[in-house]
Amino acid sequence: MNDQPRLWDWNALRKQGRGCHAARYDDAGAKEYAAIPGMGYLLPDQLAAHRADLADGMQVEAGLEILEVGAGTGAFTEVLAHFPGARVTATEPSPAMIRSWRDRMDLAGLTNSGIEIHEGSCDAPEDRSMFKDHQFDLVACRKVVNGLFDPLAAFANWYAWLKPGGRVLVLDAIFGRDGWGGAWGELVDVLPLSSTQSLGTIPYLLEAVGFEIEHVGWMHRVNALPSTRTPRYVVVASR
Ligand SMILES: C[S@@+](CC[C@H](N)C(=O)[O-])C[C@H]1O[C@@H](n2cnc3c(N)ncnc32)[C@H](O)[C@@H]1O
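The following paragraphs examine the structure supplied in this document. (Residues numbered from 1 in each chain as written. Predicted model: local features only at pLDDT ≥ 70, side-chain atom pairs only at ≥ 80, totals over all residues. Heavy atoms only, no water.)

## Overview of the nonpolar core
- By size, the foremost hydrophobic cluster in this structure holds 32 residues, and its most contacted members are I66, F76, L80, F83, L138 and L169.
- Of all elements in the fold, only helix 4 (44-57), helix 5 (75-81), strand 2 (87-92), helix 6 (95-107), strand 4 (136-142), strand 5 (162-173) and strand 7 (232-238) reach the threshold of two or more residues within this core.
- For this core, the element with the most residues is helix 5, which contributes five residues.
- Apart from residues lying up to four places away in sequence, I66 is in contact with L80, F83, A86, R87, V88, T89, F136 and L138.
- With 26 residues, the next largest nonpolar core counts V144, L148, L206 and Y233 among its residues. (Core = buried A, V, L, I, M, F, W, Y, C linked by side-chain atoms within 4.5 Å. Buried < 20%, exposed > 50% of the residue type's maximum accessible area, 1.4 Å probe, protein only. Helix = DSSP H or I, 4+ residues; strand = E, 2+ residues; numbered from the N terminus. Contact = heavy atoms within 4.5 Å.)

## Focus: the site of the ligand
- Among the 18 residues in the neighbourhood of the ligand, the closest are listed as Y33, G70, E92, D123 and R142.
- For the ligand, a nitrogen atom lies 3.0 Å from a polar atom in the backbone of C122.
- R142 is positioned with one of its side-chain polar atoms (N or O) 2.6 Å from an oxygen atom of the ligand. (Near = heavy atom within 4 Å. Polar contact = N/O pair within 3.5 Å; in protein donor to acceptor, adjacent residues only side chain to side chain.)

## Focus: the layout of surface pockets
- Taken as a whole, the second largest pocket holds about 180 Å³ of empty space.
- Forming the boundary of the second largest pocket are D27, A30, K31, A34, T73, A96, R99, S100, D103, R104 and L107.
- Secondary-structure elements contributing two or more residues to the lining of the second largest pocket are helix 3 (27-34) and helix 6.
- Of all the elements, helix 6 adds the most residues to the lining of the second largest pocket, at six residues. (1 Å grid on protein atoms, 1.4 Å probe; cavity = no way out; pocket = protein on both sides within 12 Å on 5 of 7 lines; lining within 4 Å. Points joined across faces, edges and corners; volume = space filled by probe spheres on them.)

## A closer look at the packing of helix 3 against helix 6
- Two elements in contact, helix 3 and helix 6, have axes separated by 8 Å at closest approach and are oriented at 40°. Considering their axes alone, helix 3 and helix 6 lie oblique with respect to each other. For helix 3 against helix 6, the interelement crossing comes out right-handed. Counted together, D27, A30, Y33 and A34 of helix 3 and A96, M97, R99 and S100 of helix 6 form the full contact between these two elements. (Axes fitted to C-alpha atoms, helices over the stretch in contact; angles between N-to-C directions. Parallel < 35°, antiparallel > 145°, perpendicular 65-115°, else oblique. Left-handed = near helix turned anticlockwise from the far one by under 90°.)

## Observations concerning the pairing of strand 2
- Judged by how many residues are buried, strand 2 sits mostly within the fold: five of six residues are covered.
- Sheet analysis places strand 1 (residues 65-69) next to strand 2, joined by five bridges and oriented parallel. Bridging from a neighbouring strand, L67 pairs with T89 of strand 2.
- Once the chain exits strand 1 it traverses helix 5 before rejoining the sheet at strand 2, and the crossover so formed is right-handed.
- Here strand 2 runs beside strand 3 (residues 116-119); their pairing, made up of four bridges, is parallel. The residue of strand 3 that forms the bridge with T89 is E116.
- This β-α-β element, strand 2 to helix 6 to strand 3, shows right-handed connectivity. (Pairing = 2+ DSSP bridges. Right-handed = clockwise from strand over helix to strand, strands pointing away.)

## Examining the packing of aromatic side chains
- Under the criterion given, the structure shown has seven aromatic pairs.
- Aromatic pair Y25 and Y33: ring centres 5.8 Å apart, planes at 75°, arrangement edge-to-face. Accessibility classification places Y25 together with Y33 in one group, the buried group.
- Each ring, one from F131 and one from F136, has its centre 5.3 Å from the other, and the planes form 80°; the classification is edge-to-face.
- Residue F131 is classed as buried on the basis of its relative accessible area of 7%.
- Note that R14 overlies the ring of F149, its terminal NZ or CZ placed 3.7 Å from the centroid. (Phe/Tyr/Trp six-rings, centres within 6.5 Å; stacked < 30°, edge-to-face > 60°. Lys NZ or Arg CZ within 6 Å of the ring centre and 35° of its normal.)

Here it is in structure tokens:
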């Protein structure tokens, strides 16, 4: 056995997984993502379906201080920015995504609405210093948890950044192994939530860092759209 070539070095691959998104969403990757409806931006029916599904999962009070992690090209930022009286701060590790995000905020007429974006990740213990403890009412993300390098570190940071009583809002999808093709394929086995098939995994991990689960459910309207290929779900939890 020992003489065989070492084709599989999980530790080496795992190390490469840290920060992989900033590298993979380069200019071409961000441009490609930005152009896909439902991903880089939401068409009116997709926007309406997101809003309706969110209303099932949580009550939105006016004036929330919101942190969106992994904002990408801003598709979900637009949804959050229209919560009544909300103030949205976003983070995103890929500079190319941030450029697309700024373009989208311009297009959506949101540039001068007090919305801001920081370059950075959210799933390393050292990321915690990016924001103050107890700064936000809501930490939200869409299609981010499946790609986190260190989900528990991320959830612990979110917990710290939230005010007591604050909530997390996670939207994600039931991605399978085969959804991770091309340049992303090798990451499927080093990103722990890359292809979870159960709605139980995210709530379990959120509970592990101290959150209480308020809602776990399918996004029925989004999932009924012909443009949705991967079933989406929502998790809401409170601190
Ligand atoms: C599939 S995109 C989703 C973008 C956007 N949230 C949306 O709804 O379209 C995933 C995004 O998460 C970002 N991301 C990945 N790991 C991250 C991390 N550790 N912290 C913050 N953002 C991260 C990626 O750079 C990418 O822009």
